[in-house]
Amino acid sequence: MKNSVSVSIIMGVYNPRNPVRFLRAVHSIIGQSLTDWELLLYDDGSDAAHTAVIRRAARLDSRIRILRTEENRGLAYALNNGIRHAAGEFIARMDDDDLSEPDRLRIQAAFLRSHPHYQWVGSNAQLIDDYGVWGFQRMPERPQAKDFLFNSPFIHPTVMFRRQTLVCSGGYCTAEEVRQCEDYELFMRLYHRGFRGYNLQEPLLQYREDYAAHKKRTYRRRIREMKVRYHGFKALGLLDGATFAYVRKPLAVGAVPAPVHHYINRRLKRRE
């Protein structure tokens, strides 16, 4: 298998409560125009009923493999284990409720092969909910350090990495204080080490952004994000009196009631 796989897609899965969304996400990989891929479904300690759904997904295609832990350890742990088992030259991220466009893997792999000075590539995304596409998320094409101030300049599940970049950097941080902010921390750490990423300006992913996603962003998570921002900005040389407000941004956003924040977010992203 190792010689026949160019892209390993890693999808962490824990108790997929909406099997239809999950299976649609898997089908969006099966339908890719690039065919020499493997999909690693990392079952992060799901209970028996949900594990059956994950096994059902794995039976859809021989290129799908299941990795499993008996205890729920979180996304960073799942991704690091996926990286260790990956056979591909490139590693793509994918969440279990998003949809990859049919040419996503082919376009991103071709970009990395023809642009050796970039270590990963992401893209813009269409925003979806249960009713379909409702907005558009545009990302900076060539993110600079300052682009980390407002938010991460990469949409994590759109990204394809060079496998060696993740291996030599130690992968994702599994510390509890980084939980649910592991992508933000990783991207800033990679930039600090001199690595760089690029965002293709076409939408290669349909990214789920709905009210339920906003409700998951608890105040405790906002506090963790604030700490990640502080350490990341400091490492990147961004931290000073003028930028410290960006460190506190998660707390300010967290003080806004979820329904209000959801409404504002949709109004802004519908303007793209």
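Residues numbered from 1 in each chain as written. Predicted model: local features only at pLDDT ≥ 70, side-chain atom pairs only at ≥ 80, totals over all residues. Heavy atoms only, no water.

### Section: the overall build of the protein chain
Helix and strand counts for the protein chain stand at 10 helices and 9 strands. The C-alpha atoms of the protein chain give a radius of gyration of 18 Å, which matches the 19 Å a tight globule of 272 residues would have. The C-alpha extent of the protein chain, read off along each of the three principal axes, is 55 × 40 × 35 Å. For the protein chain, buried positions account for 53% of its 272 residues. Counted over contacts in the protein chain with a minimum sequence separation of 6, partners at least 24 positions apart contribute 80%. With an accessible surface of roughly 12,800 Å², the protein chain has 51% of that area assigned to carbon and sulfur atoms. Here the protein chain holds 43 positive side-chain charges and 30 negative ones, and the gap between their average locations is 3 Å. (Helix = DSSP H or I, 4+ residues; strand = E, 2+ residues; numbered from the N terminus. Rg over C-alpha atoms; globule rule 2.2 N^0.38 Å. Buried < 20%, exposed > 50% of the residue type's maximum accessible area, 1.4 Å probe, protein only. Contact = heavy atoms within 4.5 Å. Areas by Shrake-Rupley, 256 points an atom, 1.4 Å probe, with all protein chains shown as cover. Lys, Arg positive; Asp, Glu negative; His and termini not counted. Charge placed at Lys NZ, Arg CZ, Asp CG, Glu CD.)

### Some words on the packing of helix α8 (residues 219-235) against helix α9 (residues 244-254)
The contact between α8 and α9 brings their axes to 8 Å, and the two run at 170°. Considering their axes alone, α8 and α9 lie roughly antiparallel with respect to each other. For the pair α8 and α9, contact is made by Tyr 219, Arg 222, Ile 223, Glu 225, Met 226, Arg 229, Tyr 230 and Phe 233 and by Phe 244, Tyr 246, Val 247, Arg 248, Lys 249, Pro 250, Leu 251, Val 253 and Gly 254, respectively. Class assignment of the residues belonging to the contact of α8 with α9 gives a composition of 11 nonpolar, 1 polar and 5 charged. (Axes fitted to C-alpha atoms, helices over the stretch in contact; angles between N-to-C directions. Parallel < 35°, antiparallel > 145°, perpendicular 65-115°, else oblique. Nonpolar A, V, L, I, M, F, W, Y, C, P; charged D, E, K, R; others polar.)

### Regarding unusual backbone geometry
A positive phi angle is found at Asn 15, which is not glycine, with a value near 45°. Relative to the elements of secondary structure, Asn 15 occurs in the loop between β1 (7-13) and α1 (19-30). Judged by relative accessible area, Asn 15 falls into the buried class, the value being 6%. One non-glycine residue, Gln 180, lies in positive phi territory at about 75°. With respect to the element layout, Gln 180 can be found in the loop between α5 (163-168) and α6 (182-192).

### Section: α6
Given 3.6 residues to a turn, an α-helix orients residues that are three or four positions apart in the same direction. Buried residues dominate α6, accounting for 10 of its 11 residues. If you follow the buried residues of α6, they end up packed against α3 (75-85), β6 (120-129), β8 (160-162), α5, β9 (197-208) and α8. Of the residues one or two after α6, Gly 194 is the one with positive phi, at around 95°.

### Brief notes about helix α2 (residues 48-58)
Every buried residue of α2 is accounted for by His 50, Thr 51, Val 53, Ile 54, Ala 57 and Ala 58. Viewed end-on, α2 has its buried residues packed into an arc of 155°, placing them on one side of the element. With respect to the buried face of α2, the exposed residues turned more than 90 degrees away are Ala 48 and Ala 49. Buried residues along α2 sit in contact with β1, α1, β2 (37-44) and β3 (64-69). (Arc of directions from axis to C-beta.)

### Let's talk about the packing of aromatic side chains
Evaluated as defined, the whole model comprises 12 aromatic pairs. With 4.7 Å between their ring centres and 25° between their planes, Phe 111 and Tyr 198 make a pair best called stacked. Within this pair, whereas Phe 111 is found in helix α4 (residues 104-114), its partner Tyr 198 is found in strand β9, the two being separated by 87 residues in sequence. You can call Phe 111 buried: its relative accessible area is 8%. (Phe/Tyr/Trp six-rings, centres within 6.5 Å; stacked < 30°, edge-to-face > 60°.)

### With respect to the pairing of strand β4 (residues 90-93)
Burial of the side chains of β4 extends over both faces: Phe 90 and Ala 92 are buried on one face and Ile 91 and Arg 93 on the other. Both β1 and β4 contribute to a ladder of 4 bridges, which runs parallel. Across the sheet, Ile 10 pairs through a bridge with Arg 93, a residue of β4. Across 3 bridges, β4 lies against β8 in antiparallel orientation. In the sheet register, Ile 91 faces β8, and the bridge partner there is Phe 161. (Pairing = 2+ DSSP bridges.)

### Section: the packing of α1 against α2
Close contact between α1 and α2 brings their axes to 10 Å; oriented N to C, the two are set at 25°. Regarding the angle of α1 to α2, the classification is roughly parallel. In this structure, α1 meets α2 at a crossing whose hand is right-handed. Packed against α1, whose contacting residues are Pro 19, Phe 22, Leu 23 and Val 26, the element α2 presents Val 53, Ile 54, Arg 56 and Ala 57 at the interface. In terms of residue class, the contact of α1 with α2 is made up of 7 nonpolar, no polar and 1 charged. (Left-handed = near helix turned anticlockwise from the far one by under 90°.)

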